[in-house]
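# Coordinate inspection notes
Chain by chain, the residues run as shown.
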Amino acid sequence: MKAINIWMLSTVLFSGLMSCEMKEEIFGKEIPKETGYLTLDVSAGSSASLATKGATDQKEDFPLVIKAMDFDLTKNYESFAKFKEENANGVIELPKGNYEIEAHSPGEFAEKMYDPYYGGVEKAEIMPSVEKTATVKCKIQNVKIAMDFTSEFINYYSKWSITVDDKCGHSDIYTQEIQTQLRFIGKWLLRQIRFMCREQL
């Protein structure tokens, strides 16, 4: 009889544990009731030089996402300015737990762009009744390519093209029609530059 009671107790405990695990899988972990505070800032990073600064490095315009890593909670803001507008002095109250904060230049990142693109991710742990300070440091995510040509080169060739190729399916072509166009490309593995020129007749 004693053995049966122990077996039944073990079965009940196991069933209870399984129920808790299944509940977490189906509904996710419960959001903690204890809260702390996050003071948040965004920077464009030290890699932003005068040559690449422009409309895409204005941190007030950066979309912002705050996502909990331990339970289902995500806060999206269309801009850092909107975040500060909704949370006085850039301070937000959050349930305790681990968070990932992401910010980036407006728009979607692409392999070829005509503007620099900045992005960054910062992690923060929120503790009950504690104010945490975090800065999302956004660094430039693409590489500037600018071609300079001497007058001798321009006068000598009637037609020409320059292809920047990383042998991984990425390529960008410059011709006499678009020789002065400034471009930004993703972090390609630049391995090869090919020149094709035709002499003036």
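Residues numbered from 1 in each chain as written. Predicted model: local features only at pLDDT ≥ 70, side-chain atom pairs only at ≥ 80, totals over all residues. Heavy atoms only, no water.

### Examining the overall build of the protein
- Across its full length, the protein carries 3 helices and 14 strands.
- Among the 201 residues that make up the protein, the fraction classed as buried is 31%.
- Split by element, the accessible area of the protein, about 13,300 Å² in all, is 55% carbon and sulfur. (Helix = DSSP H or I, 4+ residues; strand = E, 2+ residues; numbered from the N terminus. Buried < 20%, exposed > 50% of the residue type's maximum accessible area, 1.4 Å probe, protein only. Areas by Shrake-Rupley, 256 points an atom, 1.4 Å probe, with all protein chains shown as cover.)

### Brief notes about the sheet that holds strand β1 (residues 35–43)
- With respect to topology, 3 strands assemble into an open sheet ordered β4-β1-β8, the strand pairing being mixed. At either margin of the open sheet sits one strand with a lone partner, and together these are β4 (91–95) and β8 (131–137). Put simply, the sheet's adjacent strands are angled 35° from each other on average, direction ignored.
- Pairing of β1 with β4 involves 5 bridges; the strand directions are antiparallel. (Pairing = 2+ DSSP bridges. Axes fitted to C-alpha atoms, helices over the stretch in contact; angles between N-to-C directions.)

### Looking at the sheet that holds strand β7 (residues 118–126)
- Spatially, 5 strands are ordered β3-β2-β5-β7-β9 in an open sheet, and the strand pairing comes out antiparallel. Where the open sheet ends on each side, the last strands, each with one partner, are β3 (74–77) and β9 (139–140).

### What about the confidence of the model for the protein?
- The predicted model of the protein averages 77 in pLDDT, with 67% of residues at 70 or higher.
- A low-confidence stretch, residues 47–52 (pLDDT under 50), is modelled with 10 contacts involving residues beyond four sequence positions or located in other chains. (pLDDT = per-residue confidence, 0-100. Contact = heavy atoms within 4.5 Å.)

### Regarding the environment of I101
- Mapping I101 onto the fold places it in strand β5 (residues 97–104).
- Along the backbone, I101 and L64 are 37 residues apart, and their C-alpha atoms lie at a distance of 7.3 Å.
- Setting aside chain neighbours within four positions, we find I101 in contact with L38, L40, L64, V65, I66, G120, V121, E122, A124 and V136.

### What about the nonpolar core?
- Formed by 24 residues in total, the largest nonpolar core has its most connected members in L38, L40, L64 and I66.
- Going through the elements one at a time, β1, β2 (64–68), α2 (80–86), β4, β5, β7 and β8 are the ones with two or more residues in this core.
- With near-sequence residues (within four places) excluded, I66 lies in contact with L40, L73, T74, K75, Y77, F83, I92, L94, Y99, E100 and I101.
- Residues F153, W160, I162 and Y174 belong to the second largest nonpolar core, which totals 7 residues. (Core = buried A, V, L, I, M, F, W, Y, C linked by side-chain atoms within 4.5 Å.)

### A short note on the pattern of salt bridges
- A full pass over the atoms with the stated rule returns 6 salt bridges.
- For K33, the salt bridge is made with E30, and the minimal N-O distance between the two is 3.3 Å. Each of the two residues, K33 as well as E30, counts as exposed. (Salt bridge = Lys/Arg side-chain N within 4 Å of Asp/Glu carboxyl O.)

### Some thoughts on the environment of T163
- By the secondary structure assignment, T163 is in strand β11 (residues 157–165).
- By relative accessible area, T163 is classed as buried at 10%.
- Put simply, T163 and T175 are 12 residues apart on the chain and 8.9 Å apart in space, counted from C-alpha to C-alpha.

### What to know about the environment of N98
- Examined against the element boundaries, N98 turns out to sit in strand β5.
- Taking the C-alpha atoms as reference, N98 lies 9.0 Å from F71; in sequence the two are 27 residues apart.

### Focus on the packing of aromatic side chains
- Going through the model one piece at a time under the given rule, you end up with 4 aromatic pairs.
- A centroid spacing of 6.0 Å and a plane angle of 15° characterise the contact between F80 and F83, whose relative ring orientation is stacked. On the criterion of helical spacing, the pair formed by F80 and F83 is a turn pair, its members being 3 residues apart in helix α2. By the burial criterion, F80 is buried, and F83 matches it.
- With 5.2 Å between their ring centres and 65° between their planes, F109 and Y117 make a pair best called edge-to-face. (Phe/Tyr/Trp six-rings, centres within 6.5 Å; stacked < 30°, edge-to-face > 60°.)

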